[in-house]
2 protein chains.
Amino acid sequence: MKIYLGRELREANKNSAADNRMMLDRSRVLMVNIIGSPGAGKTALLEQTLRHLSSHLTIAVIEGDLYTDADAKRLRGLCAKVIQINTEGSCHLEAGQIGELLVKENLLHTDIVFVENVGNLVCPAAFDLGEDLRVSLVSVTEGADKPCKYPLTFRDSHACIISKTDLLPYCDFDLDKVTGDLQTINSSLTVFTLSAKSGEGLAKWCRWLEAHVAKKKSALNSGLAVPSRE
Amino acid sequence: MKIYLGRELREANKNSAADNRMMLDRSRVLMVNIIGSPGAGKTALLEQTLRHLSSHLTIAVIEGDLYTDADAKRLRGLCAKVIQINTEGSCHLEAGQIGELLVKENLLHTDIVFVENVGNLVCPAAFDLGEDLRVSLVSVTEGADKPCKYPLTFRDSHACIISKTDLLPYCDFDLDKVTGDLQTINSSLTVFTLSAKSGEGLAKWCRWLEAHVAKKKSALNSGLAVPSRE
């Protein structure tokens, strides 16, 4: 049995995502939606990414979590702004929630807005937030079957990070199989292998983000006024 | 924003769960609903559990997965019956799906029915399947914050398995903190630490299951006729 969310709810999310995309394009702000299972390493990735990029880029993070602000606390002080959304049990973030914060929290004056979605490899894939880049994580401890078992998340991503590579020697994880499966599911996917703990692969990932920020800044479809609360 | 599934859908699931519970009680069959993140080790746990118990118990497994039968293939030959449910994108199993299989596949003539839910630490917690025992997994690689971040799953479980303990030396996982948090969330929870890879903790878990099978067999509320397809 499949749960149908109803045309109205899906249509409303689609419209809000389009609004967000328009605002982000006009403001030349890059938004990155990070999706992965609980414990895939999303927050650890953000911690290290912010340490690398915050010296020369203005960054905000929107943290999605069911009930706590544990992840937000880990990131405070590492970037310009960290905002918590508690979904109170809901399994994903929606575009309307993000759009509200983009304006209310003045996030359209930053260079990058990272959104850490609720830890879930299924539901967030169905909700476009209006992001420029969707980045999915799969950790080497989760097993090499995950891309084939959760294909929609990887099909609709721009990049996939194979995380926790420092644990590769202790896991039965076939890296070649996973990268092959990912390319079959989505041939335009950029794949990174990375360990937030050891730092391996982090520089390449940060350069990729910087290139996308530069591309967004120089985009032809932008340049209109940025909405502000004032 | 919270998604409301609608009173009808939730009410229907509740009724189906009650029907399942009645069938299982009458037939003295123990049903175990296994919940955890993608890659928490649910299938590996089942592989080892079936190897220990199938010699003296008749066991069926219902495998929940979005699209594939990869996990069912791993378990075939290890027990009396393995049945695949593909949810086609839906993030959890529902009681009606289980009830249909209990009758159609003659599962009420077994000793244990294991249900491996869709890999997801959020949504399956909201759907009672009529199980006797709900068992949630958290692997040591997921991080010690998971019980506090996903409390409902652990609050409504009878047991929690802290899995992949063979990786403890390589992870920053505070076992005392996690067991303490689990007891705070649910003081009647039975906690197992277990490695399906090394076999550590497996015997204790299997003895717990055997005790519950014996208890179910001797239960006073059972003894009525078992529905059959014939």
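Residues numbered from 1 in each chain as written. Chains lettered and ligands numbered in written order. Predicted model: local features only at pLDDT ≥ 70, side-chain atom pairs only at ≥ 80, totals over all residues. Heavy atoms only, no water.

Secondary structure summary: chain A contains eight helices and seven strands in total. For chain A, the C-alpha radius of gyration of 17 Å lies close to 17 Å, the compact-globule estimate for 230 residues. For chain A, the residues scored as buried account for 57% of the 230 residues in total. With the model as given, the accessible surface of chain A reaches about 9300 Å², and the carbon-plus-sulfur share is 52%. Where the 27 positive side-chain charges of chain A centre and where its 29 negative ones centre are 3 Å apart. (Helix = DSSP H or I, 4+ residues; strand = E, 2+ residues; numbered from the N terminus. Rg over C-alpha atoms; globule rule 2.2 N^0.38 Å. Buried < 20%, exposed > 50% of the residue type's maximum accessible area, 1.4 Å probe, protein only. Areas by Shrake-Rupley, 256 points an atom, 1.4 Å probe, with all protein chains shown as cover. Lys, Arg positive; Asp, Glu negative; His and termini not counted. Charge placed at Lys NZ, Arg CZ, Asp CG, Glu CD.)

Interface size is often expressed as the accessible area that is lost when the parts come together. Each partner contributes to the interface: chain B provides 43 residues, whereas chain A provides 43 residues. Here chain B and chain A share an interface that buries about 3500 Å² over both sides, 60% of which is from carbon and sulfur atoms. Here chain B is connected to chain A by six salt bridges. For B:Asp65, the salt bridge goes to A:Lys149, with nearest N and O atoms at 3.2 Å. For the interface between chain B and chain A, the tally reads eleven residue pairs in polar contact (both at pLDDT 80 or more). (Contact = heavy atoms within 4.5 Å. Buried area = accessible area lost by both parts, 1.4 Å probe. Salt bridge = Lys/Arg side-chain N within 4 Å of Asp/Glu carboxyl O. Polar contact = N/O pair within 3.5 Å; in protein donor to acceptor, adjacent residues only side chain to side chain.)

The next point concerns the pattern of salt bridges. This structure, assessed with the given rule, holds 28 salt bridges over all chains. Its salt-bridge partner being A:Lys146, residue A:Asp145 comes within 2.6 Å of it at the nearest N-O pair. Under the relative-accessibility criterion, A:Lys146 is labelled buried at 5%. For B:Lys217, the salt bridge is made with B:Asp111, and the minimal N-O distance between the two is 2.9 Å. Within this pair, whereas B:Lys217 is found in helix α8 (residues 202-217), its partner B:Asp111 is found in the loop between α4 (95-104) and β4 (112-116), the two being separated by 106 residues in sequence.

With an RMSD of 0.0 Å, the fit of chain B onto chain A corresponds to turning through 180° and sliding 0.0 Å along the axis. Expressed as a symmetry operation, the mapping of one chain copy onto the other fits a two-fold axis. (Least-squares fit on C-alpha atoms with pLDDT ≥ 70 in both.)

All right, on to the packing of aromatic side chains then. Residue and element names in this part refer to chain A. In the structure shown here, the tally under the stated rule is seven aromatic pairs over all chains. Measuring from centroid to centroid gives 5.7 Å for Phe192 and Trp205, while their planes differ by 75°, and the two rings are edge-to-face. Taken as a pair, Phe192 in strand β7 (residues 190-193) and Trp205 in helix α8 (residues 202-217) lie far apart in primary sequence, 13 residues in all. Neither residue differs from the other here; Phe192 and Trp205 are each classed as buried. (Phe/Tyr/Trp six-rings, centres within 6.5 Å; stacked < 30°, edge-to-face > 60°.)

Residues and elements named next belong to chain A. Here seven strands make up an open sheet; going across it, the order is β3-β2-β4-β1-β5-β6-β7 and the pairing parallel. This sheet does not close on itself; its edge strands, each paired only once, are β3 (81-86) and β7. Averaged over all pairs of adjacent strands, the angle between their axes in this sheet comes to 20°, without regard to strand direction. Here strand β5 (residues 133-139) pairs with strand β6 (residues 159-163) via five bridges, running parallel. From the neighbouring strand, Ser139 faces β6, where its bridge partner is Ser163. (Pairing = 2+ DSSP bridges. Axes fitted to C-alpha atoms, helices over the stretch in contact; angles between N-to-C directions.)

All names here are of chain B. If you walk across this open sheet you meet the seven strands as β3-β2-β4-β1-β5-β6-β7, and the pairing is parallel. The open sheet has two edge strands, β3 (81-86) and β7 (190-193), and neither has a second partner. Ignoring which end each strand starts from, the neighbouring axes of this sheet average 20° apart. The sheet contact formed by strand β2 (residues 59-65) and β4 spans five bridges and is parallel. When the sheet's bridge partners are listed, Ile62 is paired in β4 with Val115.

To continue, consider the environment of B:Ile85. Residues and elements named next belong to chain B. Considering the arrangement of structural elements, one finds Ile85 in strand β3. Residue classification places Ile85 among the buried positions, given a relative accessible area of 9%. Taking the C-alpha atoms as reference points, Ile85 and Tyr67, 18 residues apart in sequence, are found 8.7 Å from one another.

For the rest of this paragraph, the subject is the confidence of the model for chain A. Residues and elements named next belong to chain A. Scored by pLDDT, chain A comes out at a mean of 93, with 93% of its residues at no less than 70. Within the model, the stretch residues 222-230 combines pLDDT values under 50 with 19 contacts to residues more than four positions away or in other chains. Two summary scores accompany this predicted model of the complex, namely pTM at 0.92 and ipTM at 0.90. (pLDDT = per-residue confidence, 0-100.)

Below, the discussion takes up the state of the cysteines. Using the criterion set out here, one finds zero disulfides over all chains in the structure. The thiol of A:Cys148 is unpaired, and the distance to the nearest cysteine sulfur, on A:Cys160, comes to 12 Å. Here A:Cys148 falls in the partly exposed class, since its relative accessible area comes to 33%. No disulfide involves A:Cys171; its sulfur sits 7.9 Å from the nearest other cysteine sulfur, which is in B:Cys171. For A:Cys171, a relative accessible area of 15% translates into the label buried. (Disulfide = S-S within 2.5 Å.)

A word on helix α4 (residues 95-104) of chain A. All names here are of chain A. Turning to α4, its buried residues are Ala95, Gln97, Ile98, Gly99, Leu101 and Leu102. Contact partners of the buried residues in α4: α1 (7-27), β1 (30-35), β2 (59-65), β3 and β4 (112-116). Among the residues trailing α4, Asn106 stands out with phi positive, at a value near 60°.

Glancing now at the side chain of B:Thr43. Residue and element names in this part refer to chain B. For Thr43, the location among the structural elements is in helix α2 (residues 42-53). Classification of Thr43 as buried rests on a relative accessible area of 6%. At 2.9 Å, the side chain of Thr43 forms a polar contact with the side chain of Glu116. In this view, Thr43 contacts Glu63, Asp71, Arg74, Leu75 and Glu116; residues no more than four positions away in its chain are not counted.

Residue and element names in this part refer to chain B. For the pair α2 and α8, interaxial distance at closest approach is 10 Å and the crossing angle is 65°. When the interaxial angle is binned, α2 and α8 end up roughly perpendicular. Read as a crossing pair, α2 and α8 show a hand that is right-handed. Side by side, α2 and α8 meet where Leu45, Gln48, Thr49, His52 and Leu53 of the first sit next to Leu202, Trp205, Cys206, Leu209 and Glu210 of the second. Here the contact of α2 with α8 is built from residues that sort into six nonpolar, three polar and one charged. (Parallel < 35°, antiparallel > 145°, perpendicular 65-115°, else oblique. Left-handed = near helix turned anticlockwise from the far one by under 90°. Nonpolar A, V, L, I, M, F, W, Y, C, P; charged D, E, K, R; others polar.)

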